[in-house]
Amino acid sequence: METTRIAGIERPVSRIGLGTWAIGGWMWGGTDDEASIRTIRKALDAGINLIDTAPVYGFGHSEEVVGRALDGRRDQAVIATKVALEWPDGKPQRNASAARIRQEIEDSLRRLRTDHIDLYQVHWPDERVPAEETAGELARLHRDGKILSIGVSNYDPAQMEDFRRFAPLAVVQSPYNLFERAIDADVLPYARDTGLTVLAYGALCRGLLSGRMRADTAFTGDDLRRSDPKFQPPHYAQYLAAARALQGFAAQRFGKSLLALAIRWILDQGPTIALWGARRPDQLDGIDAAFGWHLSAQDLAAIDRLLAENITDPVGPEFMAPTP
Ligand SMILES: NC(=O)c1ccc[n+]([C@@H]2O[C@H](COP(=O)([O-])OP(=O)(O)OC[C@H]3O[C@@H](n4cnc5c(N)ncnc54)[C@H](OP(=O)(O)O)[C@@H]3O)[C@@H](O)[C@H]2O)c1
């Protein structure tokens, strides 16, 4: 396992983090807690110590399952959770007020069965609350030892500059994968220049980069891929074609899978950690294939050509943004 450092956290952090959104069930067509717990424990056994969750994932359920899985193994894990969404009537909306943060930290600590959170991240920027209030409250939690490190998610550089006037910032969590590269233009260079670690979320583009997706793959219940524009015409056929082309490239050039290429690509872009969403133990089987090799400048250019040839109508992950 490759590791990196996150300011404020003493131990090395794995450069693959386990994403537990699907483990909450909500927006992923349901969940099987027993399989989730085995997945989290298998991740620890495989050297993944970073576990990323959020209160909104299953409205507390993901955090609860993470807490159960880590019972007796808390000291092996770096827990990253989030704050500043609420969900009246089951509809997530932003609330980064100090009062909301004070309530959420206690709920998260209880569900996660711990007395501290290693990395605490503002889930989405809330323009209605001044940075001084949000960051100031997190700085207080940091001073009190309830959180070891502070992150923001879905922030742009200007929002981060504002936030950093009031609290030490270690991490930015952003959408980033072979198919979703908007942060190349701003957040990634900003992170490089200012010493932030980037947690790249959606590392497999919600499974499109796993190698499993086919034209007739069906999703059930409230699975977000039933409405994700990438999984609808005309985009879906283009992303599937791009995935096939990348799969061929990975096999021919490196003898690797598409999934290994997707993770390696993220790790070769800079100060990044790939957040890989998994909810069944077998989904973690390919982990080792991501390590021990690198993509050259020529490889990266070849990948860019394959993407440009196949994806003529690109579409981003904006559909996931909660009500401002
Ligand atoms: N900060 C934010 O706003 C934000 C937003 C989104 C995500 N995130 C974080 O980033 C994490 C990762 O993103 P994500 O969960 O959205 O998606 P992802 O990592 O792009 O994809 C996860 C999905 O890919 C499929 N998959 C995983 N391993 C596989 C394998 N070996 N073979 C075949 N399919 C495989 C699974 O789908 P099936 O189980 O359906 O097959 C899995 O649920 C999240 O869990 C969350 O922690 C944060």
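Below: a short report on this structure.

Procedures and definitions
Note that residues are indexed from 1 along each chain, following the sequence as it is written. Confidence filtering applies because this is a predicted model: local features only for residues at pLDDT of at least 70, side-chain atom pairs given and counted only at 80 or more, and all residues used for totals across whole chains, interfaces and linings. As a convention, hydrogens and water are excluded, and side-chain values are obtained from all of the structure's heavy atoms. The criterion for a residue being near a molecule or strand is simple. One of its heavy atoms has to lie within 4 Å of it. Here a polar contact is taken to be a pair of N or O atoms separated by no more than 3.5 Å, where protein atoms must pair a possible hydrogen donor with a possible acceptor and residues adjacent in sequence count only if both atoms sit in side chains. We get accessible surface area from the Shrake-Rupley algorithm with a probe of 1.4 Å; when it comes to residues, only the shown protein chains can shield them. The way it works is that DSSP assigns letters per residue, a run of H or I at least four long becomes a helix, a run of E at least two long becomes a strand, and they are numbered from the N terminus. Throughout, the ten residues Ala, Val, Leu, Ile, Met, Phe, Trp, Tyr, Cys and Pro are labelled nonpolar, Asp, Glu, Lys and Arg are labelled charged, and all others, Gly among them, are labelled polar. Planes of paired rings set the category: under 30 degrees apart is stacked, over 60 is edge-to-face and the rest tilted, where pairs are Phe, Tyr or Trp rings (Trp by its six-membered ring) whose centres lie within 6.5 Å. Any residue under 20% of the maximum accessible area for its type is buried, any over 50% is exposed, and the rest in between are partly exposed; the area is computed with a 1.4 Å probe on protein chains only. Geometrically, a charge over a ring is one whose NZ (Lys) or CZ (Arg) sits within 6 Å of the ring centre while staying within 35 degrees of the ring normal. Only the stretch in contact is used when a helix axis is fitted, and all axes are lines through C-alpha atoms; the angle between N-to-C directions ranges over 0 to 180 degrees. Put simply, angles under 35 degrees are roughly parallel, angles over 145 are roughly antiparallel, angles from 65 to 115 are roughly perpendicular, and the rest are oblique. In a left-handed crossing the near helix is turned counterclockwise from the far helix by less than a right angle, and in a right-handed crossing that turn is clockwise. By the convention used here, residues are in contact when the closest approach between their heavy atoms is within 4.5 Å. Criterion for a salt bridge: a side-chain nitrogen of Lys or Arg within 4 Å of a carboxyl oxygen of Asp or Glu.

Focus: the site of the ligand
Right, on to step 1. Near the ligand there are 28 residues, and of these Asp52, Ser153, Arg206, Arg225 and Gly277 occur at the shortest range.
Right, on to step 2. A distance of 2.6 Å separates an oxygen atom of the ligand from a polar atom in the side chain of Asp52.
Right, on to step 3. Contact distances for the ligand include 2.7 Å between an oxygen atom and a backbone N or O atom of Arg206.
Right, on to step 4. Contact with the protein chains hides 94% of the accessible area of the ligand, taken as 900 Å² for the molecule alone.
Right, on to step 5. In terms of residue count, strand β12 (residues 272-277) provides more of the shell around the ligand than any other element does, three residues in total.
Right, on to step 6. Looking at the shell around the ligand residue by residue, the class counts come to eleven nonpolar, eleven polar and six charged.

Some remarks on the packing of aromatic side chains
Right, on to step 1. The final tally for this structure, using the stated rule, is eleven aromatic pairs.
Right, on to step 2. Between Trp21 and Trp28 the ring centres are 5.5 Å apart and the planes differ by 80 degrees, which places this aromatic pair in the edge-to-face class.
Right, on to step 3. Take Trp21: its relative accessible area is 17%, and that puts it in the buried class.
Right, on to step 4. A connected cluster of aromatic rings, assembled from ring pairs, spans Trp21, Trp28 and Tyr57.
Right, on to step 5. Sitting over the face of the ring of Trp87, Arg100 holds its NZ or CZ atom 5.5 Å from the ring centroid.

A closer look at the packing of helix α7 (residues 235-254) against helix α9 (residues 297-310)
Right, on to step 1. The geometry of α7 relative to α9 is characterised by a closest axis approach of 8 Å and an angle of 155 degrees between their N-to-C directions. In terms of axis orientation, α7 runs roughly antiparallel to α9. In terms of crossing hand, the pair formed by α7 and α9 is right-handed. Two secondary-structure elements touch here, α7 through Gln238, Ala241, Ala242, Ala245, Leu246, Phe249, Arg253 and Phe254 and α9 through Asp299, Ala302, Ile303, Leu306, Leu307 and Asn310.
Right, on to step 2. Its residues placed into classes, the contact of α7 with α9 shows ten nonpolar, two polar and two charged.

Structural notes on the packing of helix α1 (residues 33-45) against helix α2 (residues 61-69)
Right, on to step 1. Direction vectors running N to C along α1 and α2 enclose 55 degrees, while the axes themselves pass 9 Å from each other. With respect to their mutual orientation, α1 and α2 come out oblique. Between α1 and α2 lies a crossing whose hand is right-handed. For the pair α1 and α2, contact is made by Asp33, Ser36, Ile37, Ile40 and Arg41 and by His61, Val65, Val66, Arg68 and Ala69, respectively.

Let's talk about the pattern of salt bridges
Right, on to step 1. Under the counting rule described, the total for this entry stands at 26 salt bridges.
Right, on to step 2. Residues Glu2 and Arg15 are paired through a salt bridge, measuring 3.0 Å at the closest nitrogen-oxygen approach. Residue Glu2 is located in the segment before β1 (3-4), and its partner Arg15 is located in the loop between β2 (13-14) and β3 (16-19); the two are separated by 13 residues in the primary sequence.
Right, on to step 3. Classification of Arg15 as buried rests on a relative accessible area of 11%.
Right, on to step 4. Residues Asp268 and Arg264 are paired through a salt bridge, measuring 2.9 Å at the closest nitrogen-oxygen approach.
Right, on to step 5. For Asp268, a relative accessible area of 21% corresponds to the partly exposed category.
Right, on to step 6. Relative accessible area serves as the criterion here: at 0%, Arg264 is assigned to the buried category.
Right, on to step 7. A single salt-bridge network, built from bridges that share partners, covers Glu2, Arg15, Arg264 and Asp268.

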